[in-house]
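# Inside the fold
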Amino acid sequence: MTTITITRPDDWHIHLRDGAQLKDTVRDISRYMGRAIVMPNLVPPAIDTQTALSYYDRIKAKVPTGSQFEPLMVLYLTDKTSPDEIRKAKASGKIVAAKLYPAGATTNSDSGVTTLENIYPALKAMQEVGMLFLVHGEVTDSSIDIFDRERIFIENILSKIVADFPNLKIVLEHITTKDAVDFVTQASDNVAATITAHHLLYNRNHMLAGGIRPHFYCLPILKRNTHQQALLAAAASGSKKFFLGTDSAPHAKDKKEAACGCAGSYTAHAAIELYAEAFESVNALDKLEAFASFNGPDFYNLPRNIDTITLVKKSWDVPASYPLGDTNVVPIRAGEAIDWQVK
Ligand SMILES: NC(=O)N[C@@H](CC(=O)O)C(=O)O
Ligand SMILES: [Zn+2]
Ligand SMILES: [Zn+2]
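About the thresholds
Residues numbered from 1 in each chain as written. Chains lettered and ligands numbered in written order. Predicted model: local features only at pLDDT ≥ 70, side-chain atom pairs only at ≥ 80, totals over all residues. Heavy atoms only, no water. Buried < 20%, exposed > 50% of the residue type's maximum accessible area, 1.4 Å probe, protein only. Helix = DSSP H or I, 4+ residues; strand = E, 2+ residues; numbered from the N terminus. Pairing = 2+ DSSP bridges. Right-handed = clockwise from strand over helix to strand, strands pointing away. Donors = N, O, S within 2.8 Å, 3.2 Å for Na, K, Ca; no water. Phe/Tyr/Trp six-rings, centres within 6.5 Å; stacked < 30°, edge-to-face > 60°. UniProt positions renumbered as here; feature names shortened; annotations may be inferred. Contact = heavy atoms within 4.5 Å.

## Thoughts on the pairing of strand S4 (residues 70-76)
For S4, a buried count of 6 out of 7 residues is recorded, marking the element as mostly surrounded by other parts of the structure. Bridge count for strand S3 (residues 35-38) against S4 is 4 bridges, and the pairing is parallel. When the bridges of S4 are listed, Arg35 appears paired with Glu70. The parallel pair S3 and S4 is bridged by helix H2 (residues 49-60), and the resulting crossover is right-handed. Two elements, S4 and strand S5 (residues 95-100), share 4 bridges in a ladder whose sense is parallel. Residue pairing across strands places Met73 opposite Ile95, the latter belonging to S5. In this fold, the crossover linking S4 to S5 by way of helix H3 (residues 83-91) has right-handed handedness.

## Some points on the coordination of the zinc ion (ligand 2)
Note on the zinc ion (ligand 2): its protein donors are His136 (ND1) and His174 (NE2). The metal-donor distances range over 2.0 to 2.1 Å. Its relative accessible area of 2% is what places His174 among the buried residues.

## Quick word on the packing of aromatic side chains
Inspection of the entire model under this criterion finds 9 aromatic pairs. Here the aromatic rings of Tyr202 and Phe216 are separated by 4.4 Å at their centres, their planes lie at 50°, and the arrangement is tilted. You can see Tyr202 sitting in the loop between helix H7 (197-201) and helix H8 (204-208) and its partner Phe216 sitting in the loop between H8 and helix H9 (225-235), a full 14 residues away along the chain. Assigned by exposure class, Tyr202 and Phe216 land together as buried. Aromatic pair Phe279 and Phe291: ring centres 5.2 Å apart, planes at 50°, arrangement tilted.

## Describing the UniProt feature "active site" (unreviewed entry) in the chain
Residues given the UniProt feature "active site" (unreviewed entry) here are Asp247. Asp247 gets classed as buried once you look at its relative accessible area, which sits at 6%. Leaving out residues up to four positions away in the same chain, Asp247 has contacts with His13, His15, His174, Thr196, His198, Leu219 and Ser265.

Structure representation (structure tokens):
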């Protein structure tokens, strides 16, 4: 039987939600992830230090005994985020980044940023204090095709931010295109990207050919297979600029299987297992550890985890759904097999 042992991984982009759902999402992330960057797009969003810190306490209260899981918190940037708020967040020691959601770009982004210039004072403060800038990289202009929104964001917006703030550490989250791979690759060492398991394993045919599959609907939307191949090549390249961020984003089953379904796919039930499949598909299992366990902490200037987990190549069947608070979530691979499991 094939087994691989890797340093304990972290998840550099996840949605844990809140309220009744928190015990379920925290249980899943706590199984083997050491840390996670917890996204702040709650309702209402975590726009200030105090809100982010009380969210931290609610998460910690749900971590099962025996788990060492540690949440890393993120501030949600708005048009009004002040430099003082950035300094306060940084001083808390628990908030390591601030996130740009272009207003209207994705789930719970209504309070997001309307014009880039509005966050320049905050970005300047972040650059000064060494707080990371995380980006949902899609334009929101309704005249721009949904499959082009990441590329145009990079061309029109991200390239300007990178030029204006050369010392700001930037993570382009959940990249989905060859354009993003190329941009991040040629940019300075201060620019990196997370890649999800579902964008490595799937392309838009999986979502749209032979019937519409709403559980594959996430943002940025799955692209054509040439982009999927570029993402796989980037993840398997060994470049330290690319690292694990699941973007596991649960929505209740009835909110996904609907006439107007929510964006977000759930992968936290089997995150490293799905990444192992993706890396194995390109004969790059030897590159999984750096992607999952080294590149993220190195970019964030945090220590790598010191203990390990072991993956066994042994197929198991994913349940049709998992409990999510008082409702259910249909995970990626529901009712089908996954090749790997964590021992
Ligand atoms: N990725 C998604 O499709 N959805 C995320 C938001 C996000 O990360 O853009 C969510 O919060 O549901
Ligand atoms: Zn996003
Ligand atoms: Zn996300």
